[in-house]
Amino acid sequence: MAKSKVGQTVDKVGQTVDKVGQTVESLGDYLREQRVASRLSLRQLAQQAGVSNPYLSQIERGLRRPSADVLQQLAKALRISAEQLYLRAGIVSPGSDVAGTVEIAVLGDPGLTERQKQSLLDVYSSFLAMNATDEATSSPRTADHPAGTDPTDHPTDHQES
């Protein structure tokens, strides 16, 4: 696969496994670029973010996928938007303001563990996917007007004179 200078994948592959790998790799490239722009060594950033030097190196090389908490710590240390890192990591989907808000709220909640956050995000994603499937398979009349709520169906139309 061809890569541009900023580490973005040029040709797109439709397989999910490849997409995840590309997302993590581009995240690592992005983190490295931000670290270099901030004039921080790998060790300095690792120390500021509270992660180990080898772990951060693996993230930058695309070998590890960091948790939302680690991304948040890295964003704080680099003084960049955590949401941008969530997007790059594939945790938050672009183009969905409401969904992005829910996902960011879950990820930013300090009262939840990483496992709880991931579980909530998985359930939320499955609901969105299920709703998208339901909307695609239902007729517009059914989707817009559930049974018994047709605006053209007036009670007076059914009365006998």
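Here goes a summary of the coordinates provided. For clarity, every value in this text was computed on a predicted model and none was experimentally measured. (Residues numbered from 1 in each chain as written. Predicted model: local features only at pLDDT ≥ 70, side-chain atom pairs only at ≥ 80, totals over all residues. Heavy atoms only, no water.)

1. Some remarks on the nonpolar core
At step 1: Ranked by size, the top nonpolar core spans 27 residues in total, and within it L74, L85, Y86 and I91 carry the most contacts.
At step 2: Only helix 1 (16-37), helix 2 (42-49), helix 3 (53-60), helix 4 (68-78), helix 5 (82-89) and helix 6 (97-108) provide two or more residues apiece to this core.
At step 3: No other element matches the 7 residues that helix 4 contributes to this core.
At step 4: Every residue in contact with Y86, bar those within four places of it in the chain, is listed here: A68, L71, Q72, I91, V92, I104 and L107. (Core = buried A, V, L, I, M, F, W, Y, C linked by side-chain atoms within 4.5 Å. Buried < 20%, exposed > 50% of the residue type's maximum accessible area, 1.4 Å probe, protein only. Helix = DSSP H or I, 4+ residues; strand = E, 2+ residues; numbered from the N terminus. Contact = heavy atoms within 4.5 Å.)

2. Some points on the packing of helix 2 against helix 4
At step 1: Taken N-terminus to C-terminus, the directions of helix 2 and helix 4 make an angle of 115°; their axes are 8 Å apart at the nearest point. Crossing of helix 2 over helix 4 shows right-handed handedness. For the pair helix 2 and helix 4, contact is made by L45, Q48 and A49 and by Q73, L74, A77 and L78, respectively. (Axes fitted to C-alpha atoms, helices over the stretch in contact; angles between N-to-C directions. Left-handed = near helix turned anticlockwise from the far one by under 90°.)

3. A short note on helix 2
At step 1: The set of residues buried in helix 2 consists of L45, A46 and A49. Looking down the long axis of helix 2, one finds its buried residues gathered within 100° of arc, a one-sided arrangement. When the buried face of helix 2 is taken as reference, the exposed residues oriented beyond 90 degrees from it are R43 and Q47.
At step 2: Positive backbone phi, at 75°, marks G50, one or two positions downstream of helix 2. (Arc of directions from axis to C-beta.)

4. Here's the deal with helix 5
At step 1: Among all positions in helix 5, only A82, L85, Y86 and A89 are buried. The buried side chains of helix 5 occupy one side of the element, clustering within an arc of 105° when seen end-on.
At step 2: Just downstream of helix 5, G90 is the residue with a positive phi angle, here 80°.

5. Observations regarding the packing of aromatic side chains
Working definition: an aromatic ring pair is given by the centre-to-centre distance plus the angle between the planes.
At step 1: Summed over the entire model, instances satisfying the criterion amount to 0 aromatic pairs.
At step 2: Of note, R88 hangs over the ring of Y30, and the distance from its end group to the ring centre comes to 4.0 Å. (Phe/Tyr/Trp six-rings, centres within 6.5 Å; stacked < 30°, edge-to-face > 60°. Lys NZ or Arg CZ within 6 Å of the ring centre and 35° of its normal.)

6. Structural notes on the packing of helix 4 against helix 5
At step 1: Following both chains from N to C, one finds helix 4 and helix 5 inclined at 135°, their axes separated by 8 Å at the closest point. By the angle between their axes, helix 4 is oblique relative to helix 5. Considering how the two elements wind past one another, helix 4 and helix 5 form a crossing that is right-handed. Here A68, L71, Q72, L74 and A75 of helix 4 lie close against helix 5, whose contacting residues are A82, L85, Y86 and A89. (Parallel < 35°, antiparallel > 145°, perpendicular 65-115°, else oblique.)

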